[in-house]
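So you can see what is in the structure, the chains are spelled out below.
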Amino acid sequence: MKTLDVGGVSVDVHIAGSGPPLLYLHAEQYVEQASPYREALVKKWTVIAPRHPGYGTTPVPADIRSVDDLAYLYLDLLDKLKLDRVVVVGASLGGWIALEMCVRNHARISKLVLVSSVGVKFSGREERDFADLFYLPDIQAFPLLFADPVKHAPAYAGMSAAQLETLARERQMLAHYGWRPYLHNPGLRRWLHRVDLPSLVVWGEADGFAKPDYGRLLASALPAAVFTLVAGAGHYPEIEQPDAVARAIDTFVAK
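Residues numbered from 1 in each chain as written. Predicted model: local features only at pLDDT ≥ 70, side-chain atom pairs only at ≥ 80, totals over all residues. Heavy atoms only, no water.

Caption draft 1: Here's a closer look at the side chain of Ser199. Tracing the chain through its elements places Ser199 in strand E7 (residues 199-204). Side-chain polar atoms of Ser199 contact the backbone oxygen of Leu197, separated by 2.9 Å. Excluding its chain neighbours within four sequence positions, the residues that come into contact with Ser199 are Leu112, Leu222, Ala224, Ala225, Val226 and Phe252. (Helix = DSSP H or I, 4+ residues; strand = E, 2+ residues; numbered from the N terminus. Polar contact = N/O pair within 3.5 Å; in protein donor to acceptor, adjacent residues only side chain to side chain. Contact = heavy atoms within 4.5 Å.)

As structure tokens, this is what we get:
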């Protein structure tokens, strides 16, 4: 992990591997649990994995307040690293950031992979596209997020104080970036036609937080997207089925 200055913002970035460049944008929570997934990607890619400001060791600057800000920040990161033909992979919140990047400028991006992405409003004004993580107790939320919550949901009793603090910080940052409006940009759907590059939408078959039908709607709203389901996974297939997701990405990019 190194800390880079990106347009005056300190960003913690983990860079590993020696293949073509892949920008990985992590989900809103359980970041460390996705480590096996990042390790699977490193086998074939040079993985550039920033921590969103507030998630790593760096504080949140006063002027980084939204997913829009993160999109511009990571476009600047690609410029700083002088990367071209980058495969961008975003998970959940990271997928939303990736979409916002692509509607602005995807000149340095070759292909897009969205893993259980949030960010777009498809339902009516009074309907929810995503379960409310701030309202539901964990006993109700975990079965929506994981196909096997006993195996993959955090067991607080066995966690260290530092690990618990990390989870609390992730939830705080989720609220910072995605609370109002909840996990979407009301105007993003209008501009999805600008994401005119090959895209893969990956979804957990057992996702109860953002159901597979939402993923299908997202794929159909993009100009050149294909949709694939991952068995044995909920909202975080990169945690529950890391090798299957990595294989899906490799197959998609090879086409």
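Still more to cover.
Caption draft 2: Main features of the nonpolar core. With 90 residues, the main nonpolar core has Leu99, Met101 and Phe209 as its most contacted residues. Setting aside chain neighbours within four positions, we find Leu99 in contact with Leu112, Leu114, Ser117, Val118, Val120, Leu188, Leu192, Val195, Leu218 and Leu222. (Core = buried A, V, L, I, M, F, W, Y, C linked by side-chain atoms within 4.5 Å. Buried < 20%, exposed > 50% of the residue type's maximum accessible area, 1.4 Å probe, protein only.)

Caption draft 3: Molecular detail of the environment of Val115. Note that Val115 resides in strand E6 (residues 109-115). Here the alpha-carbon distance between Val115 and Asn105, two residues 10 residues apart in the chain, equals 20 Å. Setting aside its immediate chain neighbours within four residues, Val115 contacts Tyr37, Val89, Gly90, Ala91, Ser92, Val202, Pro237, Glu238 and Val245.

Caption draft 4: Seen up close, the pairing of strand E1 (residues 2-6). Examined bridge by bridge, E1 and strand E2 (residues 9-16) share 5 bridges and lie antiparallel to one another. Bridge pairing in E2 links Lys2 to Val13. Hairpin geometry of E1 and E2 is characterised by an intervening segment of 2 residues between the two adjacent antiparallel strands and by a positive phi of about 60 degrees at Gly7. (Pairing = 2+ DSSP bridges.)

Caption draft 5: Representation of the pairing of strand E4 (residues 46-50). Burial runs high along E4: 5 of the 5 residues are buried. Judged by which residues are buried, E4 turns out to be covered on both faces: Thr46, Ile48 and Pro50 on one side and Val47 and Ala49 on the other are all buried. In the sheet, E2 pairs with E4 via 4 bridges, with the strands oriented antiparallel. Its bridge partner being in E4, Ile15 is matched across the sheet by Ile48.

Caption draft 6: Highlighting the pattern of salt bridges. Counted by the stated rule, this structure contains 10 salt bridges. Between Arg108 and Asp79 there is a salt bridge, with the nearest N and O atoms lying 2.6 Å from each other. On the criterion of sequence distance, the pair formed by Arg108 in the loop between helix H3 (93-104) and E6 and Asp79 in helix H2 (residues 67-81) is long-range, its members being 29 residues apart. Judged by relative accessible area, which is 40%, Asp79 ranks as partly exposed. A salt bridge links Asp132 to Arg128, with the nearest nitrogen and oxygen atoms 3.3 Å apart. We classify Asp132 as buried; its relative accessible area is 14%. Here Arg128 falls in the exposed class, since its relative accessible area comes to 54%. Several salt bridges share partner residues, and in doing so they unite Asp68, Glu100 and Arg104 into one network. (Salt bridge = Lys/Arg side-chain N within 4 Å of Asp/Glu carboxyl O.)

Caption draft 7: The arrangement of the packing of aromatic side chains in detail. Evaluated as defined, the whole model comprises 13 aromatic pairs. Where Phe122 meets Tyr214, the ring centres are 5.3 Å apart and the plane angle is 70 degrees; that geometry is what we call edge-to-face. With a gap of 92 residues between them, Phe122 in the loop between E6 and helix H4 (138-145) and Tyr214 in helix H7 (residues 212-221) connect regions that are remote in the sequence. An angle of 70 degrees between the planes, with centres 6.3 Å apart, marks the rings of Phe134 and Tyr182 as edge-to-face. Of this pair, Phe134 sits in the loop between E6 and H4 while Tyr182 sits in the loop between helix H6 (161-178) and E7; the two residues are 48 residues apart in sequence, bridging distant segments of the chain. A cation sits over an aromatic face here: Lys111 above Phe252, 5.1 Å from the ring centre. The lysine or arginine in question, Arg171, covers the ring of Phe134, its NZ or CZ lying 6.0 Å from the ring centre. (Phe/Tyr/Trp six-rings, centres within 6.5 Å; stacked < 30°, edge-to-face > 60°. Lys NZ or Arg CZ within 6 Å of the ring centre and 35° of its normal.)

Caption draft 8: Structural detail: unusual backbone geometry. Residue Pro181 follows Arg180 across a cis peptide bond; omega there is -10 degrees. Topologically, Pro181 is positioned in the loop between H6 and E7. We note that Tyr30 has phi near 60 degrees; this positive angle belongs to a residue other than glycine. Looking at the secondary structure, you find Tyr30 in the loop between strand E3 (21-25) and helix H1 (35-42). With a relative accessible area of 4%, Tyr30 lands in the buried category. Of note, the phi angle at Lys82 is positive, near 55 degrees, even though the residue is not glycine. For Lys82, the location among the structural elements is in the loop between H2 and strand E5 (86-91).

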